[in-house]
Amino acid sequence: MLQQTRVAQGTPYFLSFVDAFPTVFDLAKADEEQVLKLWQGLGYYSRARNLHKTAQYVATELNGLFPDNYNDLLGLKGVGEYTAAAIASFSYEEAVPVVDGNVFRVLSRYFDLETDIALASAKKEFAALAFELMPKDNPATFNQAIMEFGALQCVPKSPNCGICVFNESCAALQKKKVDQLPVKSKKLKVRNRYFNYLVVSDDNEDTIIQKRTSKGIWQNLYEFPLIETEAVENYDYIAERIENEFFVNESVGSVMEYNEKSIIHKLSHQHLHIKFWKVNIKGVIKNGTDAATLRTFPFPIVIHNFIEKE
């Protein structure tokens, strides 16, 4: 849960999960939709799906016994090198270095390393260096210390090098390169996407939802029928597509905008420009979902918030 999430934000989710799934066997037996519902709002939903699959693997294939070494931990779905190293060193005192953004920053500055940390090969280089420095009889304290040092002292912007215990031996400080390290190439360009959600309401005030089954954002979460466009579109365009593509056999009473300005929902490499459109249908739609049932499904947080406001 704490991957890509602050502790303060993740704590209530963790407590809810432990309450709902007190053992790995409980989590393994749970329905995926229940897992996603409890995860709703944390984002990066692949983490929840991986957590669920790993629980099933541990419960069924490993008889509930969690792996106790780095190499076996890497075999768990959703567990990468960083997480495996953290668990192996903190829980089992295995001499494996963790390499996160803090470690990259501390080592690159102290040793004046200009390796681009965005490169895949960089992690191997920095892990090898950290392993050399690590006291093999106390890897947990070393890993925790170097991460905390980067988080509290050797911070990304304007660190207070005057009070740093390493200010006489730090290569970057001696060469006046602290603000230039670590080297990191530019991020991928952010993609803009334009989502128009159709919030249907029939004579029973039932609505329509669908499951996102394709790979990509929000896989296996639910949403309203969607019109994705290349840019922000006007009322006439959306209304025409609604009548011609979505409700050919139903009678559309009216189409209205809920929000005149798009809601901008920012993901790691995508900015979603979201508009909700109310579509009133005359009569009763097939397989509609009532308001009470609607709230039991897992939705992306932006849709969940919209539903709760209505």
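Labelled according to an unreviewed UniProt entry, the protein appears under the name Adenine DNA glycosylase, originating from Flavobacterium frigoris. Quoted verbatim from the Function (unreviewed entry) field of UniProt, the annotation for the protein is "Adenine glycosylase active on G-A mispairs. MutY also corrects error-prone DNA synthesis past GO lesions which are due to the oxidatively damaged form of guanine: 7,8-dihydro-8-oxoguanine (8-oxo-dGTP)." Looking at the Sequence similarities (unreviewed entry) heading of the UniProt record, one finds this comment for the protein: "Belongs to the Nth/MutY family."

A. Quick peek at the overall build of the protein. When helices and strands are tallied, the protein shows 13 helices and seven strands. Along the first, second and third principal axes, the C-alpha atoms of the protein reach 75 × 50 × 30 Å. Each of the 310 residues in the protein was classed as buried or not, and the buried ones make up 43%. Across the protein, contacts joining residues at least 24 apart in sequence account for 62% of those joining residues at least 6 apart.

B. Just the UniProt feature "domain: HhH-GPD" (unreviewed entry) in the protein, in detail. In the numbering adopted here, UniProt assigns the feature "domain: HhH-GPD" (unreviewed entry) to residues 1-152. The straight-line gap between the two end C-alpha atoms of residues 1-152 is 22 Å; of that span, 64% is helix and 0% is strand.

C. Highlighting the packing of aromatic side chains. For the structure on display, the rule yields 16 aromatic pairs. Where Phe17 meets Phe21, the ring centres are 5.4 Å apart and the plane angle is 70°; that geometry is what we call edge-to-face. In terms of burial, Phe17 and Phe21 fall into one category: buried. In this structure an aromatic cluster arises from ring pairing among Phe195, Tyr197, Trp218, Phe224, Tyr258, Phe276, Phe299 and Phe306. Between the NZ or CZ atom of Lys136 and the centre of the ring of Phe131, over which it lies, the distance is 4.4 Å.

D. The arrangement of the nonpolar core in detail. Ranked by internal contacts, the top residues of the largest apolar core, which has 34 residues, are Tyr197, Trp218 and Phe224. Among the elements that take part in this core, helix H13 (residues 301-309) stands out by supplying four residues, more than any other. Split by domain, this core shows at least three residues from each of two domains, domain 1 (7-175) and domain 2 (191-308). Membership of the second largest hydrophobic core comes to 27 residues, among which are Val79, Val96, Ile117 and Ala130.

E. View of the pattern of salt bridges. Under the counting rule described, the total for this entry stands at nine salt bridges. Across the pair Glu33 and Lys211 runs a salt bridge whose closest N-O atoms are separated by 3.8 Å. One end of the pair, Glu33, is in helix H3 (residues 32-39); the other, Lys211, is in strand S2 (residues 210-211), and 178 residues separate them in sequence. Classification of Glu33 as partly exposed rests on a relative accessible area of 23%. Two residues, Glu223 and Arg212, come together in a salt bridge whose shortest N-O distance is 3.0 Å. Of this pair, Glu223 sits in strand S3 (residues 222-223) while Arg212 is found in the loop between S2 and S3, placing the two residues eleven residues apart along the sequence. Comparing Glu223 with Arg212 shows no difference in burial state: the two are buried. What you see here is one network of salt bridges that share partners, running through Asp112, Glu114, Lys175 and Lys177.

F. Structural view of the side chain of Arg105. Among the structural elements, Arg105 can be located in helix H7 (residues 101-111). Although Arg105 is buried, it forms no salt bridge, and the closest oppositely charged side chain is Asp100 at an N-O distance of 7.2 Å. Dropping the residues within four chain positions of it, Arg105 is found in contact with Gly150, Ala151, Cys154, Val155, Pro156 and Pro182.

G. Inspection of the environment of Glu93 at higher detail. Summarising the element assignment, Glu93 is placed in the loop between helix H6 (81-92) and H7. As a C-alpha pair, Glu93 and Pro139 span 46 residues in sequence and 6.2 Å in three-dimensional space. For Glu93, the residues in contact, after removing those within four places along its chain, are Ala88, Asp137, Asn138, Pro139 and Ala140.

H. A look at unusual backbone geometry. Each neighbour pair has its own omega, and for Leu181 with Pro182 the value is 0°, a cis peptide bond. In this model, Asp112 sits at a positive phi of 55°, which is unusual for a non-glycine residue. Take Asp112: it is sitting in the loop between H7 and helix H8 (120-133). Positive phi, normally seen in glycine, also occurs at Trp218, with a value near 65°. Summarising the element assignment, Trp218 is placed in the loop between S2 and S3.

I. Region of interest: a nonpolar patch on the surface. On the surface, Phe14, Leu15 and Val18 cluster together into a nonpolar patch covering about 290 Å² of accessible area. Locating Leu15 in the fold gives a position in helix H1 (residues 7-20). For Leu15, a relative accessible area of 52% gives the class exposed.

J. Representation of the packing of H7 against H8 within the structure. Where H7 meets H8, the closest approach of the two axes is 11 Å, and the angle between their N-to-C directions is 75°. As far as their axial angle goes, H8 and H7 are roughly perpendicular. Residues Phe104, Leu107, Ser108 and Phe111 of H7 form the contact with H8, whose own contacting residues are Ala122, Lys123, Phe126, Leu129, Ala130 and Leu133. For the contact of H7 with H8, the class distribution of residues is eight nonpolar, one polar and one charged.

Analysis parameters
- Residues numbered from 1 in each chain as written.
- Predicted model: local features only at pLDDT ≥ 70, side-chain atom pairs only at ≥ 80, totals over all residues.
- Heavy atoms only, no water.
- UniProt positions renumbered as here; feature names shortened; annotations may be inferred.
- Helix = DSSP H or I, 4+ residues; strand = E, 2+ residues; numbered from the N terminus.
- Buried < 20%, exposed > 50% of the residue type's maximum accessible area, 1.4 Å probe, protein only.
- Contact = heavy atoms within 4.5 Å.
- Phe/Tyr/Trp six-rings, centres within 6.5 Å; stacked < 30°, edge-to-face > 60°.
- Lys NZ or Arg CZ within 6 Å of the ring centre and 35° of its normal.
- Core = buried A, V, L, I, M, F, W, Y, C linked by side-chain atoms within 4.5 Å.
- Domains from an automatic or database assignment.
- Salt bridge = Lys/Arg side-chain N within 4 Å of Asp/Glu carboxyl O.
- Lys, Arg positive; Asp, Glu negative; His and termini not counted.
- Patch = residues over 30% accessible without salt bridge, like charges linked within 9 Å, V, L, I, M, F, W, Y side chains within 5 Å.
- Areas by Shrake-Rupley, 256 points an atom, 1.4 Å probe, with all protein chains shown as cover.
- Axes fitted to C-alpha atoms, helices over the stretch in contact; angles between N-to-C directions.
- Parallel < 35°, antiparallel > 145°, perpendicular 65-115°, else oblique.
- Nonpolar A, V, L, I, M, F, W, Y, C, P; charged D, E, K, R; others polar.

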